[in-house]
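Spelled out, the chains give:
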Amino acid sequence: DTEVTQTPKHLVMGMTNKKSLKCEQHMGHRAMYWYKQKAKKPPELMFVYSYEKLSINESVPSRFSPECPNSSLLNLHLHALQPEDSALYLCASSQEGLVQETQYFGPGTRLLVL
Amino acid sequence: SQQGEEDPQALSIQEGENATMNCSYKTSINNLQWYRQNSGRGLVHLILIRSNEREKHSGRLRVTLDTSKKSSSLLITASRAADTASYFCQETSGSRLTFGEGTQLTVNP
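Below, the structure is looked at part by part. Counting restarts for each chain, with residues numbered from 1 along the sequence as it is written. Chain labels run from A onward and ligand labels from 1 onward, assigned in the order the entries are written. Residue-level local features of this predicted model are given only where pLDDT is at least 70; pairs of side-chain atoms are given and counted only at 80 or more, and the full residue set underlies all totals for whole chains, interfaces and linings. Water and hydrogen atoms play no part in the side-chain values, which are based on all heavy atoms of the structure.

Attention now moves to the overall build of chain A. We count a stretch as a helix when DSSP gives it H or I for four or more residues in a row; a strand needs E for two or more, and each element gets its number in order from the N terminus. A tally of regular secondary structure across chain A gives zero helices and eleven strands. Reading the secondary structure of chain A in the N-to-C direction produces β-β-β-β-β-β-β-β-β-β-β. Put simply, the radius of gyration uses C-alpha atoms, and a globule should come to 2.2 Å times the residue count raised to 0.38. Over its C-alpha trace chain A gives a radius of gyration of 13 Å, about what one expects of a compact globule, namely 13 Å for 114 residues. For chain A, the spread of C-alpha atoms along the three principal axes comes to 40 × 25 × 25 Å. Note on classification: 1.4 Å probe, protein chains only; a residue is buried when its accessible area is under 20% of the maximum for its type, exposed when over 50%, partly exposed between these limits. In chain A, which comprises 114 residues, the share counted as buried stands at 49%. Pairs at least 24 residues apart make up 55% of the contacts formed inside chain A by residues separated by at least 6 positions. On chain A, roughly 5600 Å² of surface is accessible, and the fraction owed to carbon and sulfur atoms is 50%. Residues are treated as being in contact if the distance between any of their heavy atoms lies within 4.5 Å. Each accessible area is a Shrake-Rupley estimate made with a 1.4 Å probe; only the visible protein chains count as cover when residues are assessed.

This part covers the packing of aromatic side chains. For Phe, Tyr and Trp, rings pair up if their centres lie within 6.5 Å, where Trp contributes its six-membered ring, and each pair is then called stacked (planes under 30 degrees apart), edge-to-face (over 60) or tilted (otherwise). Inspection of the entire model under this criterion finds eight aromatic pairs over all chains. Ring geometry for Tyr 35 of chain A versus Phe 99 of chain B: centroids 5.7 Å apart, planes at 70°, classification edge-to-face. Remark: Phe 99 of chain B occurs in strand E10 (residues 96–99) and Tyr 35 of chain A occurs in strand E4 (residues 31–37); the pair is interchain, linking two chains. Relative accessible area serves as the criterion here: at 1%, Tyr 35 of chain A is assigned to the buried category.

The next subject is the sheet that holds strand E7 (residues 61–66) of chain B. Residues and elements named next belong to chain B. Think of it this way: DSSP has to see at least two bridges between two strands before they count as a pair. An order of E1-E3-E8-E7-E6 is seen for the five strands of this open sheet, with the pairing classed as antiparallel. With one partner strand each, in any of the chains shown, strand E1 (5–7) and strand E6 (55–58) form the two edges of the open sheet. Neighbour to neighbour, the strand axes of the sheet diverge by 15° on average, direction disregarded. With axes taken as lines fitted to C-alpha atoms, and helix axes fitted only over the stretch in contact, angles between N-to-C directions fall between 0 and 180 degrees.

As a further point, take the state of the cysteines. Each disulfide consists of one covalent bond between the sulfur atoms belonging to two cysteines. The disulfide criterion used throughout: a pair of cysteine sulfur atoms within 2.5 Å. All told, the structure shown has two disulfides over all chains when counted by the stated rule. What pairs with Cys 23 of chain A in a disulfide is Cys 91 of chain A, and their sulfur atoms sit 1.9 Å apart. Here the S-S torsion is close to -70°, and the disulfide linking Cys 23 of chain A with Cys 91 of chain A is therefore left-handed. Note that Cys 23 of chain A is positioned in strand E3 (residues 18–25) and Cys 91 of chain A in strand E9 (residues 87–94), a separation of 68 residues in sequence. Judged on exposure class, the residue Cys 23 of chain A and its partner Cys 91 of chain A are both buried. One disulfide in the model links Cys 23 of chain B with Cys 89 of chain B; its S-S distance is 2.0 Å.

This paragraph deals with the sheet that holds E3 of chain A. All names here are of chain A. In spatial order, the strands read E1-E3-E8-E7; together these four strands make up an open sheet with antiparallel pairing. Since the sheet does not close on itself, it has two edges, and those belong to strand E1 (4–7) and strand E7 (64–70), each with one partner. Strand-to-strand, the axes of this sheet are offset by a mean angle of 20°, without reference to chain direction.

This is the structure in structure tokens:
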């Protein structure tokens, strides 16, 4: 299985809602990543988990809360988001937990905040 | 974080022609990778080139790296309509991961 899956594919939420994005991989990879991508812009790194520990947080606002329950699963908890947080959220994984490695991306969750 | 620059921002060619995209970066790198993204979907890895390498090939893809100029190029030969996508370079430097602005390639049948 060489796939990274993300659910849901689409999400619409209000600014007072709490929701979660889910990412799963079964390739035995030890690093997992969250990226945010606005339309016609490159992905921007948000968080990196390596061996289930948060290793990189790119100064992301606390309304985004990552969680890595085990090495196969990565969640992004969303609370009190702003309309400017609307974007495509991409999850990725890599083999040994090093950021220099090739990353395998999921299809993304398209988020709209109203 | 600083973003690398890619040029051109958009490139439109005919099927069968070659497409060249360039990426410049600002810091010393561990490696540089190229990814492809079809409209609004996840990224697919194409090639990784290490800082001590100058050229790599994979099928119709050729990547070069010039560390003295802090630049890399991606050449797609004999392009096909299915190559239509956005192409991004990603530099890795220490623990930093930075994507370039990307090139939107359109291959017309």
